[in-house]
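# Structure assessment
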Amino acid sequence: MSSLPARPAMPRRGFLLGAASVAFLSACPSIARAADAGPAARLKPSDWLELERALQGGRIILPGSKGYPELSVGYNGAYENLRPAGIIWCAGAPDVVAGVNWCRARGIEPKIRSGGHCYAGFSMTDGVMISTGGITQGARVDGDGTVFLPGGLMNGHVYSLLRRHNVALTTGRCTTVGLSGFLLGGGIGFSMRNWGVASDLLLETEVVLADGRKVIATPDGPDGQLFWACTGGSGNNFGVNTAFRLKTMPVSTVTVFQIQWGFAGGKEHAVARALLRDLTTADNKFGSRLSLKARPPGPDNTTVAIDLIGQYVGAPAYVEKLLSGAMRAGRPIKKVIRTMAYWKAQDFLSEDDTLDRFHERSAFVAGSLSDEALDQAYGFLEKFPGRTNGTHADFRFFQTGGKMNKPDRESAFVHRRSDWLMDAGMSWAPAAPVAEIEGCIDWQNAFFERMWREGTGGAFQNFADPALQNPQAAYYGDALDRLKQVKKTYDPGNMFNYAQSIPVAA
Ligand SMILES: Cc1cc2nc3c(=O)[nH]c(=O)nc-3n(C[C@H](O)[C@H](O)[C@H](O)COP(=O)(O)OP(=O)(O)OC[C@H]3O[C@@H](n4cnc5c(N)ncnc54)[C@H](O)[C@@H]3O)c2cc1C
């Protein structure tokens, strides 16, 4: 796969835990623990040697080994203090089988990592990490239009393959997100209103189970319950997914848009109201993400207050018409509406891969957000206490609904009656003083608690939120009891677990 993008190094600002991270972790006690070190701390060199002999192409990466600094960290810098005692870097499913068996024999509960982008650091550990990052060989689009994807691919690898065949899946914007984590949590993107979430396109998945068996789960096969659980039941609950087969969709051209409004006119509130009202009426071929920014200190004429980005499978005139109310409410400072080839359009829509320390809190909403709630949201955004350069907050809306609300089959992704996924996001600069971060966290929690009352009661499992109350109920709703039963069948000893994992049914 030489033409694929290289796995990027993820440089960190330092190995020591920053003061800002301490403030964040103490506000989220559920992940402040260092839970996994126990049995891993007792490992002897002979244990690792035994594992090394069992690997078939993979390798063990210990502190001090080549590659450890890059591979031991995740995307969210808030969890930079969690570094593994050792990484089992797998090159294929046999290595995963060897790693799982080795862990089980020693009472180790490994953390599985693919792209390392979990918002809440759930793939980070101070124990043993099983990385699927080397499982990249054999990706292909077959003659029947399905695609076979090894579990270690990043989204960018998948895009390179699909664009060569002019087909697509529902995909996100960030090329370094791991395919496995993205898919197992449902997987949202601009095409979800047209095709459903990414896991709606899943046809089969290969999984290494806690007992070391490897199975291929299909909807109608003997492991149909496991297949179902993999359509939204999230990673590191049932086993290690080492490959996927999905249905693809043919693509040609698409209209993309990015419209930005500034703070200068002071009209952002009216623009946001028009956008939420009008976009909620859009047809299924339209997908968008709206970001309402917290006011930074001293905005100038170029400071972005509202950023709208998305795609429409159709002519630009439809987009112009849909946005006409917002344009009347406020004059944009940037306006791009352009038709282009589908994959060129995805390049346009892709987001910068900037590493950060961040915390996000999401909730699904049915219908448009009420005017009263939007007024209150602006009340919060105008009072964001972040002052240090590089500390930001915004209130984001991912447009859901359409086909996403009408799946063709049953699914563990239960968020099927929404029009928006809202997300109160906050990121902070490493240099921010602890008191400022604590103020930002309090602000975010108060903001989120108010907005949560507007939601369906669902939160997005791919935007893992360590501060969420009753997280499993919010992520899995009515599917939770069945997911617990699947867990009991496939991982009765709870080998695969983390702070918000699915418990084993009683
Ligand atoms: C910048 C950015 C952009 C994003 N954009 C989108 C988006 O557009 N749409 C969307 O839906 N989500 C998006 N996400 C969220 C992302 O999909 C989830 O965080 C996802 O879980 C990340 O997967 P990963 O493999 O990179 O992360 P990891 O941290 O490696 O894994 C995430 C979880 O899955 C488990 N896991 C990983 N690999 C496997 C495996 N092979 N088998 C079993 N369990 C496994 C891990 O243990 C962990 O619990 C974004 C995240 C970031 C940081």
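Residues numbered from 1 in each chain as written. Predicted model: local features only at pLDDT ≥ 70, side-chain atom pairs only at ≥ 80, totals over all residues. Heavy atoms only, no water.

### Here we look at the site of the ligand
Basically, it comes down to this: To be near a molecule or strand, a residue needs just one of its heavy atoms within 4 Å of it. For this analysis, a polar contact is any N or O atom pair within 3.5 Å, provided that within protein one partner can donate a hydrogen and the other can accept it, and provided that sequence-adjacent residues contribute only side-chain to side-chain pairs. For the accessible areas, the method is Shrake-Rupley and the probe is 1.4 Å, while residue cover comes only from the protein chains on display. Helix numbers and strand numbers start at the N terminus; a helix is a DSSP run of H or I with at least 4 residues, a strand a run of E with at least 2. For this classification, the nonpolar set comprises Ala, Val, Leu, Ile, Met, Phe, Trp, Tyr, Cys and Pro, the charged set comprises Asp, Glu, Lys and Arg, and every other residue, Gly included, is treated as polar.
Near the ligand, the surroundings consist of 32 residues, among which Ile112, Ser114, Gly116, Ser123 and Gly178 are the closest. Side-chain polar atom of Ser123 to an oxygen atom of the ligand: 2.6 Å apart, as the coordinates give it. Ser180 has a polar side-chain atom sitting 3.2 Å from a nitrogen atom of the ligand. Out of a free accessible area of 960 Å², the ligand has 95% covered by protein chains. Secondary structure elements with two or more residues in the shell around the ligand: β3 (111–113), α8 (179–184) and β10 (240–247). Of all the elements, α8 adds the most residues to the shell around the ligand, at 4 residues. Here the shell around the ligand is composed, by residue class, of 13 nonpolar, 16 polar and 3 charged.

### Notes on the sheet that holds strand β12 (residues 253–262)
Remark on secondary structure: sheet strands pair via backbone hydrogen bonds, oriented parallel or antiparallel. What counts is decided by this rule: If DSSP finds at least two bridges between two strands, the strands pair. Axis lines are fitted through C-alpha atoms, for helices just across the contact stretch, and the angle between N-to-C directions can take any value from 0 to 180 degrees. Any two residues whose heavy atoms approach within 4.5 Å are treated as being in contact.
The strand order across the open sheet formed by 7 strands is β15-β12-β14-β13-β17-β18-β16, and the pairing between neighbours is antiparallel. On the outer flanks of this sheet lie β15 (334–341) and β16 (357–365), each paired with one strand and no other. Strand after strand, the sheet turns through a mean of 15° between neighbouring axes, direction not considered. One ladder, built from 8 bridges, connects strand β17 (residues 392–399) with strand β18 (residues 420–428); its direction is antiparallel. Note that in β18 the partner of Phe397 across the bridge is Met422. The strands that helix α11 (residues 268–279) touches are β12, β13 (286–293), β14 (304–312), β17 and β18; relative to β14, the one it contacts most, it runs at about 20°. This element, helix α16 (residues 434–452), spans β16, β17 and β18 of the sheet and lies at about 5° to β16.

### Some points on the side chain of Asp465
The criterion, for reference: Each residue is assigned to one of three classes by its accessible area relative to the maximum for its type, calculated with a 1.4 Å probe on protein chains only: buried under 20%, partly exposed between the two thresholds, exposed over 50%.
Relative to the helices and strands, Asp465 resides in the loop between α16 and α17 (471–476). Given a relative accessible area of 2%, Asp465 falls into the buried group. One polar contact links Asp465 to Arg361, side chain to side chain, over a distance of 2.8 Å. Beyond its immediate stretch of four places on either side in the chain, Asp465 contacts His359, Glu360, Arg361, Phe448, Tyr475 and Gln500.

### A look at the packing of aromatic side chains
What counts here: Between rings of Phe, Tyr and Trp, where Trp is taken as its six-membered ring, a pair exists when centres lie within 6.5 Å; planes separated by under 30 degrees are stacked, by over 60 edge-to-face, and by other angles tilted. When the NZ atom of lysine or the CZ atom of arginine is within 6 Å of a ring's centre and also within 35 degrees of its normal, the charge is said to sit over that ring.
If you walk through the whole model with that rule in mind, you get 25 aromatic pairs. The interplanar angle of 90° and the centroid separation of 5.2 Å between the aromatic rings of Tyr119 and Phe358 together place this pair among those described as edge-to-face. Linking Tyr119 in the loop between β3 and β4 (128–131) with Phe358 in strand β16, this pair joins segments that are 239 residues apart in sequence. There is no split in this pair, since Tyr119 and Phe358 are both buried. Ring centres 4.8 Å apart and planes at 35° place the aromatic pair Phe122 and Tyr498 in the tilted group. Linking Phe122 in the loop between β3 and β4 with Tyr498 in the segment after α18 (480–490), this pair joins segments that are 376 residues apart in sequence. Its relative accessible area of 10% is what places Phe122 among the buried residues. You can call Tyr498 buried: its relative accessible area is 11%. One aromatic cluster is present, built from ring pairs that chain together Tyr75, Tyr119, Phe358, Phe364, Phe398, Phe413, Phe460 and Phe463. Here the basic side chain of Arg482 rests over the ring of Trp228, its NZ or CZ set 3.8 Å away from the ring centre.

### Some remarks on the packing of α11 against helix α15 (residues 371–381)
Convention followed: Orientation labels follow simple angle bins: below 35 degrees gives roughly parallel, above 145 gives roughly antiparallel, 65 to 115 gives roughly perpendicular, and whatever is left gives oblique. In this scheme the handedness of a crossing depends on how the near helix is turned from the far one: anticlockwise by less than a right angle means left-handed, clockwise means right-handed.
It is at 11 Å that the axes of α11 and α15 come closest, and there the two elements cross at 140°. With respect to each other, α11 and α15 are oriented oblique. For the pair α11 and α15, the crossing hand works out as right-handed. Seen from α11, the contacting residues are Glu268, His269, Ala272, Arg273 and Leu276; seen from α15, they are Asp371, Leu374, Asp375 and Tyr378. A class-by-class count of the residues in the contact of α11 with α15 yields 4 nonpolar, 1 polar and 4 charged.

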